[in-house]
Amino acid sequence: MKSDKTSLRKNPSRETCENIIRRILMTEILETGKNEHFRSAADFMSYFESLYPASSALTKQVQRAIKSLNMPKDDFGYFIPNKTTEQLAHEKELFSLLEKAEASVVSLEEYETLFLKADRELCSYLIHVLDNSPLFTGKYLTIQQTSNGLIFYTKNRSQLEILLSSLIVR
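Residues numbered from 1 in each chain as written. Predicted model: local features only at pLDDT ≥ 70, side-chain atom pairs only at ≥ 80, totals over all residues. Heavy atoms only, no water.

## A few points about the sheet that holds strand β3 (residues 149-154)
Link 1 in the chain: Spatially, three strands are ordered β1-β3-β2 in an open sheet, and the strand pairing comes out antiparallel. Across the chains shown, the open sheet's two edge strands, defined by having one partner strand only, are β1 (112-117) and β2 (142-146). Taking each pair of neighbouring strands and ignoring which way they run, the sheet shows an average axis angle of 25 degrees.
Link 2 in the chain: Examined bridge by bridge, β2 and β3 share five bridges and lie antiparallel to one another. Bridge pairing in β3 places Ile143 opposite Phe152.
Link 3 in the chain: With respect to the sheet, helix α7 (residues 157-168) is in contact with β1 and β3, its orientation differing from that of β1 by roughly 15 degrees. (Pairing = 2+ DSSP bridges. Helix = DSSP H or I, 4+ residues; strand = E, 2+ residues; numbered from the N terminus. Axes fitted to C-alpha atoms, helices over the stretch in contact; angles between N-to-C directions. Contact = heavy atoms within 4.5 Å.)

## Quick look at the pattern of salt bridges
Link 1 in the chain: Here the structure, examined in full by the defined rule, presents six salt bridges.
Link 2 in the chain: Where Glu18 meets Arg14, a salt bridge forms, and the shortest distance between an N and an O atom there is 2.3 Å. With Glu18 and Arg14 both in helix α2 (residues 14-32) and four residues apart, the pair spans about one turn of that helix.
Link 3 in the chain: Judged by relative accessible area, which is 9%, Glu18 ranks as buried.
Link 4 in the chain: Assessed through its relative accessible area of 29%, Arg14 is described here as partly exposed.
Link 5 in the chain: Several salt bridges share partner residues, and in doing so they unite Arg14, Glu15, Glu18 and Arg22 into one network. (Salt bridge = Lys/Arg side-chain N within 4 Å of Asp/Glu carboxyl O. Buried < 20%, exposed > 50% of the residue type's maximum accessible area, 1.4 Å probe, protein only.)

## Let's talk about a nonpolar patch on the surface
Link 1 in the chain: A contiguous nonpolar patch, built from Leu94, Leu97 and Leu98 and spanning about 280 Å² of accessible area, is present on the exposed surface.
Link 2 in the chain: Tracing the chain through its elements places Leu98 in helix α5 (residues 85-100). (Patch = residues over 30% accessible without salt bridge, like charges linked within 9 Å, V, L, I, M, F, W, Y side chains within 5 Å. Areas by Shrake-Rupley, 256 points an atom, 1.4 Å probe, with all protein chains shown as cover.)

## A look at the packing of aromatic side chains
Link 1 in the chain: A full pass over the atoms with the stated rule returns four aromatic pairs.
Link 2 in the chain: The interplanar angle of 35 degrees and the centroid separation of 6.3 Å between the aromatic rings of Phe44 and Phe79 together place this pair among those described as tilted. Remark: Phe79 occurs in the loop between α4 (56-69) and α5 and Phe44 occurs in the loop between α2 and α3 (45-51); sequence separation between them is 35 residues.
Link 3 in the chain: Residue classification places Phe44 among the buried residues on the basis of a relative accessible area of 0%.
Link 4 in the chain: According to the relative accessible area criterion, Phe79 is buried, its value standing at 5%. (Phe/Tyr/Trp six-rings, centres within 6.5 Å; stacked < 30°, edge-to-face > 60°.)

## A few points about α4
Link 1 in the chain: Helix length check: α4, at 14 residues, gives a terminal C-alpha distance of 20 Å against a target of 20 Å (1.5 Å per residue), a fit within 8%.
Link 2 in the chain: Residues of α4 that are buried: Leu58, Gln61, Val62, Ala65, Ile66 and Leu69. The buried residues of α4 all sit within an arc of 140 degrees when viewed along its axis, so they share a single face. When the buried face of α4 is taken as reference, the exposed residues oriented beyond 90 degrees from it are Ser56 and Lys67.
Link 3 in the chain: Its buried side turned inward, α4 meets α2 and α3.
Link 4 in the chain: Looking one or two residues past α4, Asn70 carries a phi angle of roughly 50 degrees, positive in sign. (Expected span 1.5 Å × (residues − 1). Arc of directions from axis to C-beta.)

Rendered as structure tokens:
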């Protein structure tokens, strides 16, 4: 009878359950790219029951671990193990803002720079005028103010240089 008692394993601690749950979810993400199987504590029970005797105490311990981890869920109800609820809320806000701004990533590899030396007191006004000028529409991607002028990012540097030079020398 004593040998039966030593072969039974006691329930894991909440911390042990948390570590196992994290490991399961991270393995899932590494293998499939995202969690597609785990939505609740019940989804983890077959794994825990393969290691520990099935009992209501084990179920409660796994539920406590899930609650303690406070993992957010995606739109389909699956746990997201590598983010906090706050991080997920921040990402959703950022996504919404970028969508509203119609943002897109533009590589600057194909752009050239052109520097226009100008009085720093007038640079911000120059940017405003250039941005609103039909003459400069489509001639540059962006303008960056510097301590003594403006830097343009453009696909056709020579054309922009000729245009700016024609306006400077009269």
